[in-house]
Amino acid sequence: MTALRSLSLRATMLLLGFVSGGIALMAGLSYRDLRDYTAENSLMRIERAAKAAASLTEARFPDAFLVERTDKDLPALVRLKGSEPLISRAEPAAFDRLVKEIGRINNGAANVFAWNATTQAFDRFATTFRRPDGSLPPAFSIGAGHPAYGSIRDAKVFTGDVPVMGRMRYAYLTPIVFSGGELAGLLAIDVGWSDDLVTGQERLKERIFIASLLILAIATTIGGLLHWRMLAPIPALARVAHRIGAGEQGISVPGLGRADEVGHLAEGLERTNQLYHELEILAFSDPLTGLGNRAHLRRELKRTFAREAWTQVSALILINIDQFRGINEGFGATIGDRLLIEIGDRLKAWSGPDNPRPARTGSDEFALILRDCPPERLDHALDDLRDRLSRPWAFDGTIVEFTVGFGVVSLPAHAANADEAERNVQLALRAAKARGKGNVSVFDPTLDARAKREHDLSIALREALQRNELTVHFQLQASTTARDIFGLEALVRWPQGGGSMIPPGEFIPIAEANGLIVELGSWVLDETCRVIRQWLDSAILVPHVSINVSPAQLWQPNFVETVKETLERHRIPPRMIYLEVTEGLFVNFSEERIQSIFAGLHAVGVKIALDDFGTGYSSLGYLHRVHLDQIKIDRSFAVDIDKDRAKQRLLKGITALAAGLKLEVIVEGAETEAETRFLMRTGCNAIQGYFFARPCSALLVPQEIENVRRMLGLLNFEDNTPLSKAKRSTG
Ligand code: C2E
Ligand code: CA
Ligand code: CA
């Protein structure tokens, strides 16, 4: 059936139909002509013969016969003169001579029959027929059943085929009657075997048939061959069109360069092919690096999942340059772009031809699908890739050092489809980034659970904020030089039912990720000021309160204005407020911008503290360049500071540096008495840690202040008393 859909086959069949129709028509016409001509010819011959026979009969027997003729002068009847029967009119030999003579003229046979009233048949008594040996043939009669009988029985002429010895002869039978009209006999002449008359006709029929077959066979062969040869590229072109449509690349179009329609078709397809190719480049490539883009990655992932069987375990790797923004701002966008190109090249070279083209999926994000990468080989591959990618890069005399983070999913183990693969690799990358620079995180289902929890938390947090369910706790900072508190830090709390809390370490990152942090931060600022106002109104004296500020808040164009407005509304002296920022700020934003915001804040009158100092990545340089008032040394320095010499030296260095820059120094997280005692002598201004005070509600702050003062008194003036005992006795 499909063969019938082929153009060339259909055309051949059509051609064949026309040719055979033509042949049949021509043959039919000529056959009909010949048949008519033959019939006419035979009729003419027999009539001529009949005329001659009748005249001869009349001439030989003038006394006996009278021939009656039609208008066309054809014999219609032979009438006997007188009343003797036919046979007795002459000698039988005379009749024999007559038929012989007629036969000679006719080129056929002649017979005379006598009517036999008894048998009601015509009995032959003179004939030209002879047996091969020359003897007379057996007696013969024309009776009922003979084709001519009906006609001649009625004394009418019969012209047509008659059977003779099993064959047919074309004959003219003239009845012979008595003068009164009764039947007397019959004069029968013929012009030979009738099939001899139509031999030409038969031969033509045969020839036409054979010729037709031959012509048909030749036409079919030649037509088919020509079609096949000329149209052969068309099925191939059809297939090519299909492949172009399916987005296949690198197709070569057959039939190009031909001057006919096939060539034109091929040319059109070739143009479409090129257009597709260009579109493909536009739609699926990243113009900067020449890698694929996100759409390319999606397509490749879909292809990966479309394969029926997972004969190979694959891996999807998402790569992000750590602190690319810092590089971009530090070295300029040109070098930033060059670095992206360089990383693209490194990725291409590393992934090789067996894997799909790597993609750049975000400003500083790349993705790679590794085919045939089972878990046991993955670790090694990742180490190798990380090593290759994060090699320092020199450009124009500048050496840029950087690290990259990796999120990895193993396929199909950790994703059922392309969407899931993309989502999970994002989660993995996020987990890697959360662990710090240059980290790799392979997806596992707990990440998914965590993502779900984060999603739920994000919704719940929004509601909690709207319902005013959050609260602020305060942690005291103990001065190292006076027997008093140094300040307090405001720490947001999210109480849950039953007295439990969701720690800010868990929900602050979520708020930062979903943008809620701006609203949350404003709320903390407002709430803290409200509490301070209450303290002021109740004559509870606190030196100052530190409030944590996320980068996203700081980048609000109206941040400085918000701070100013909040302080004014609650009538808080600005010097009572410290804003704590982290080093992360310096990674994503330029120092100029930071400086200008800090200048605005200083103009309002608040102070600025650098939180978590020592955990970050930035250089110490900005301590000189950016106007800060305080640094808070991270908790990791306090742990075992009494024992760890290296930490002690480092801490000493930092405090000296800070002193030189006239910065206040607070050490966070001193939990033990030993740590606390050691820190008291290191030259820092204050200590904030569980040893002195845990964060508490605003109501408990006055009590906690008293507690810290007492502890400080003990520490400073009764050096030998174990403080933990004194603390416990009062707490
Ligand atoms: P942070 O700014 O470094 O705050 C100090 C954290 O250390 C607090 O944890 C505090 O309870 C804890 N801490 C103090 N002394 C000790 C100690 O001796 N040992 C130990 N193990 N921990 C100690 P908290 O309250 O859980 O807050 C965690 C982080 O959440 C904060 O770290 C800060 O980055 C963020 N955060 C808290 N409140 C806010 C807020 O209102 N806004 C913003 N943007 N971030 C906040
Ligand atoms: Ca803080
Ligand atoms: Ca801190």
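As shown above, the structure is provided for reference.
What counts as what
Residues numbered from 1 in each chain as written. Chains lettered and ligands numbered in written order. Predicted model: local features only at pLDDT ≥ 70, side-chain atom pairs only at ≥ 80, totals over all residues. Heavy atoms only, no water. Core = buried A, V, L, I, M, F, W, Y, C linked by side-chain atoms within 4.5 Å. Buried < 20%, exposed > 50% of the residue type's maximum accessible area, 1.4 Å probe, protein only. Helix = DSSP H or I, 4+ residues; strand = E, 2+ residues; numbered from the N terminus. Phe/Tyr/Trp six-rings, centres within 6.5 Å; stacked < 30°, edge-to-face > 60°. Donors = N, O, S within 2.8 Å, 3.2 Å for Na, K, Ca; no water. Near = heavy atom within 4 Å. Polar contact = N/O pair within 3.5 Å; in protein donor to acceptor, adjacent residues only side chain to side chain. Areas by Shrake-Rupley, 256 points an atom, 1.4 Å probe, with all protein chains shown as cover. Nonpolar A, V, L, I, M, F, W, Y, C, P; charged D, E, K, R; others polar. Pairing = 2+ DSSP bridges.

Some points on the nonpolar core
Logical step 1: Counting residues in each nonpolar core, the largest one holds 88 residues, and the members touching the most others are Phe-474, Leu-520, Trp-535, Phe-598, Leu-601 and Phe-692.
Logical step 2: Top contributing element to this core by residue count: helix H15 (residues 517-537), with nine residues.
Logical step 3: Membership of the second largest hydrophobic core comes to 31 residues, among which are Leu-56, Ile-102, Ala-184 and Ile-189.

Quick look at the packing of aromatic side chains
Logical step 1: Within the structure shown, the criterion is met by 10 aromatic pairs.
Logical step 2: Summarising the aromatic geometry, the rings of Trp-393 and Phe-395 are spaced 5.3 Å apart at their centres and angled 15° between planes, so their arrangement reads as stacked. Comparing Trp-393 with Phe-395, the two get one shared label, buried.
Logical step 3: An angle of 85° between the planes, with centres 5.4 Å apart, marks the rings of Trp-494 and Phe-507 as edge-to-face. Taken as a pair, Trp-494 in strand E17 (residues 485-495) and Phe-507 in helix H14 (residues 504-514) lie far apart in primary sequence, 13 residues in all. Here Trp-494 and Phe-507 have matching classes, each one buried.
Logical step 4: Cluster of aromatic residues (ring-pair linked, three or more members): Phe-61, Phe-65, Phe-95 and Phe-125.

Notes on the coordination of the calcium ion (ligand 3)
Logical step 1: Protein-derived coordination of the calcium ion (ligand 3) comes from Asp-611 (OD), Asp-612 (OD), Glu-668 (OE) and Glu-668 (OE), at a distance range of 2.2 to 2.8 Å.
Logical step 2: Spacing between the donor residues of the calcium ion (ligand 3) along their common chain follows D-D-x55-E.
Logical step 3: Between the calcium ion (ligand 3) and the calcium ion (ligand 2), both coordinated by Asp-611, there is a metal-metal distance of 4.0 Å.
Logical step 4: Residue classification places Asp-612 among the partly exposed positions, given a relative accessible area of 26%.

A short note on the site of ligand 1
Logical step 1: Lining the immediate environment of ligand 1, one finds 20 residues, of which Gln-475, Arg-493, Asp-611, Glu-671 and Tyr-690 sit closest.
Logical step 2: A distance of 3.0 Å separates an oxygen atom of ligand 1 from a polar side-chain atom of Asn-548.
Logical step 3: Between a nitrogen atom of ligand 1 and a side-chain N or O atom of Ser-550, the distance comes to 3.0 Å.
Logical step 4: Expressed as a share of its isolated accessible area of 790 Å², the protein-covered part of ligand 1 is 82%.
Logical step 5: Sorting the residues of the shell around ligand 1 by element identifies E17, H14 and strand E21 (607-613) as the ones contributing at least two each.
Logical step 6: With four residues, E17 is the single largest residue contributor to the shell around ligand 1.
Logical step 7: Each residue belonging to the shell around ligand 1 can be placed in one class, and the counts come to eight nonpolar, five polar and seven charged.

A short note on the pairing of E17
Logical step 1: Of all 11 residues making up E17, 10 are buried, and the element is well covered by its neighbours.
Logical step 2: Hairpin connection of strand E16 (residues 471-479) to E17: five residues between the antiparallel strands.
Logical step 3: Pairing geometry for E17 and strand E19 (residues 545-548), over three bridges, is parallel. The residue of E19 that forms the bridge with Ala-490 is Ile-547.

Functional significance is not addressed by these values, which are geometric in nature.
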